[in-house]
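Here's the letter readout for the chains.
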Amino acid sequence: MDATVRFIEATFGCPEGSWSPEAVRGASQRTYPSALEDPFHWALVGDLHLLWARWFVNGIASPARYVPKESSRAHVYADMLAFANGVWREAPPSERKAAAVALTDAVWAQVLALRLKRPRSAASRATREFLWSVSSRCWICGSEFPTWARDSFLDGEAPDSRAAPLFVDFLKPRGRSVDDLRIEVEHVVPHAAGGTSELENLRLACRWCNNAKSDRSVLYDVGLASRSRRHPRRGVVSVPQPFWVVRTLALRPRCEFLEGCEKTAISSELTVALRHEKGDANPSNLTVTCIEHHPWGSDRLVSNSGS
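Residues numbered from 1 in each chain as written. Predicted model: local features only at pLDDT ≥ 70, side-chain atom pairs only at ≥ 80, totals over all residues. Heavy atoms only, no water.

Asker: Could you give an account of helix H6 (residues 125–134), naming the residues involved and the relevant values?
Answerer: Turning to H6, its buried residues are Thr127, Arg128 and Leu131. Buried residues in H6, looked at end-on, bunch into an arc of 100°, giving them a common side. Opposite the buried face of H6, at more than 90 degrees from it, the exposed residues are Ala126 and Ser133. Contacts made by the buried residues of H6 are with helix H7 (147–155), strand E2 (183–187) and strand E3 (202–206). (Buried < 20%, exposed > 50% of the residue type's maximum accessible area, 1.4 Å probe, protein only. Helix = DSSP H or I, 4+ residues; strand = E, 2+ residues; numbered from the N terminus. Arc of directions from axis to C-beta. Contact = heavy atoms within 4.5 Å.)

Asker: Which residues make up the environment of Ser238, and what values do they have?
Answerer: Among the structural elements, Ser238 can be located in strand E5 (residues 235–239). On a C-alpha basis, the gap between Ser238 and Gln29 in space is 31 Å, while along the polypeptide they are 209 residues apart. Not counting the four nearest positions on each side in its chain, Ser238 is found in contact with Leu171, Ser226, Arg227, Ser228, Leu274, Gly279, Asp280 and Ala281. Of note is the side chain of Ser238, whose polar atom sits 3.0 Å from the side chain of Ser226. (Polar contact = N/O pair within 3.5 Å; in protein donor to acceptor, adjacent residues only side chain to side chain.)

Asker: If you had to explain the nonpolar core to someone new, which residues and values would you point to?
Answerer: Within the largest apolar cluster, 44 residues are counted, with the highest numbers of intra-cluster contacts made by Cys138, Cys209 and Leu249. By residue number, the principal contributor to this core is helix H9 (residues 242–251), which donates five residues. In contact with Cys138, not counting residues within four places along its chain, are Ser143, Phe145, Leu204, Ala205, Cys206, Cys209 and Ala265. Counting residues in each nonpolar core, the second largest holds 11 residues, with Met80, Leu81, Val107 and Val111 among its members. (Core = buried A, V, L, I, M, F, W, Y, C linked by side-chain atoms within 4.5 Å.)

Asker: Could you give me a rundown of unusual backbone geometry, with the residues and numbers involved?
Answerer: Phi is positive for Ser214, close to 50°, though the residue is something other than glycine. Turning to its location among the elements, Ser214 is positioned in the loop between helix H8 (207–213) and strand E4 (227–231).

Asker: Describe in detail the environment of Pro146, supporting the description with residues and values.
Answerer: Checked against the element boundaries, Pro146 lands in the loop between H6 and H7. Take Pro146: its relative accessible area is 23%, and that puts it in the partly exposed class.

Asker: Run through the confidence of the model for the protein, naming residues and quoting values.
Answerer: Any residue range with low pLDDT should be treated as having predicted coordinates unsuitable for detailed reading. A residue-level look at the protein finds 94% of positions with pLDDT of 70 or above and a mean pLDDT of 90. Per-element confidence in the protein is highest for strand E6 (residues 270–274), whose mean pLDDT is 98, and lowest for helix H1 (residues 2–12), whose mean pLDDT is 72. (pLDDT = per-residue confidence, 0-100.)

Asker: Go over the side chain of Arg247, please, and point to the residues and values.
Answerer: By the secondary structure assignment, Arg247 is in helix H9. Among the polar contacts made by the side chain of Arg247, one reaches the main-chain carbonyl oxygen of Ser217 at a distance of 3.3 Å. Arg247 has contacts with Asp47, Leu50, Ser217, Val218 and Leu219, leaving out every residue within four places of it along the chain.

Asker: With reference to specific residues and values, describe the pairing of E2.
Answerer: Consecutive side chains of a regular strand alternate in pointing toward one face of the sheet and then the other. Counting buried residues along E2, five of its five residues qualify, which places the element largely inside the surrounding structure. Burial along E2 is two-sided: Ile183, Val185 and His187 facing one way and Glu184 and Glu186 facing the other are all buried.

Here it is in C-alpha cells:
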C-alpha cells in the first residue's frame, strides 16, 4: 500500500502537473505499483505500445507523403535506409538494411491503404452466407441477430415490421436506433488501415459495434475522458466511450464474473460493467459480463425513449 500511496502522491503532487517537464520526466521513471494494475492492464499497455510504434514509424516517414502515384516502395526504403544509417551508424550494414525493410513494410502498408481508400464493394451473397454459417452473433458483443436482420442481410428482403427495443443497456446503448441491430460485414483489421476483404479478415457485426469500432485500432484513438449521464435509478453515472466498449469486448470476449462463468461472445451476449461503480467508466475500470452476472441486474436497462 505504501508504494501505491507514494506513487499517487508523486504523480499528482506537482502544482504544474502535466505541464512541468520535471514532473512528467519523473513520472516516466517511476515503477508502476502492482496494486494499480487491474487483471487486464495488458490491454492498456499493449495498445499504448502499438500507438508508440505507430507514432515512431510515421514520425520518420509520413505515409501521406508517399500517396502520390509517382512514389514507390523504393522511395520509402531509401528514406528509411537513410534514417537507419544516420541513427544506427554503429550497427552492421546488414542489420541497418533489415531495420530499413521492417520500417518500410510498416509505412508502405499504410500508403497502400490510403491509396485504395474508396467505398467498399458489397460482400457477395456467397460471402454473406459463409459468414452466417460460421456464427449468427455479433463477433464483438455476442448479440444474437433478430430474424428480420437476418432476412435483410441474406436475401435483401425489407422487413415486414421492426421496432427499436423498448429498453437499452445504459453502458452499451445498442438499439437506440433500430438500425443498430442490422448485420454488417466487418473488417477486423480496418479497411482504412489496409485490412483486406479476404474471408479471414471478415466477421459479422451489429451496426452499433461496427460504427463504434470504425477504423480505430487502439484504446487511445478516441477522447481520453468518459462522460456522465443520469441513470433513472442510480443517479449520475459515468459512461464509457463506445469504442472503449467494443475494444474491451473484442479483447476480452468472455464473462469475467469472479466466481466463474463459461459464457463467451461465441455463445452469449456480453456487455460491460464498472469494477468500481463510483469511478469513471474509463478502460481501467471496465469489466466484461454476461447479462446474468451484470452487477446492476435489471438496472442496466433504461427506457429507450429517455436514454
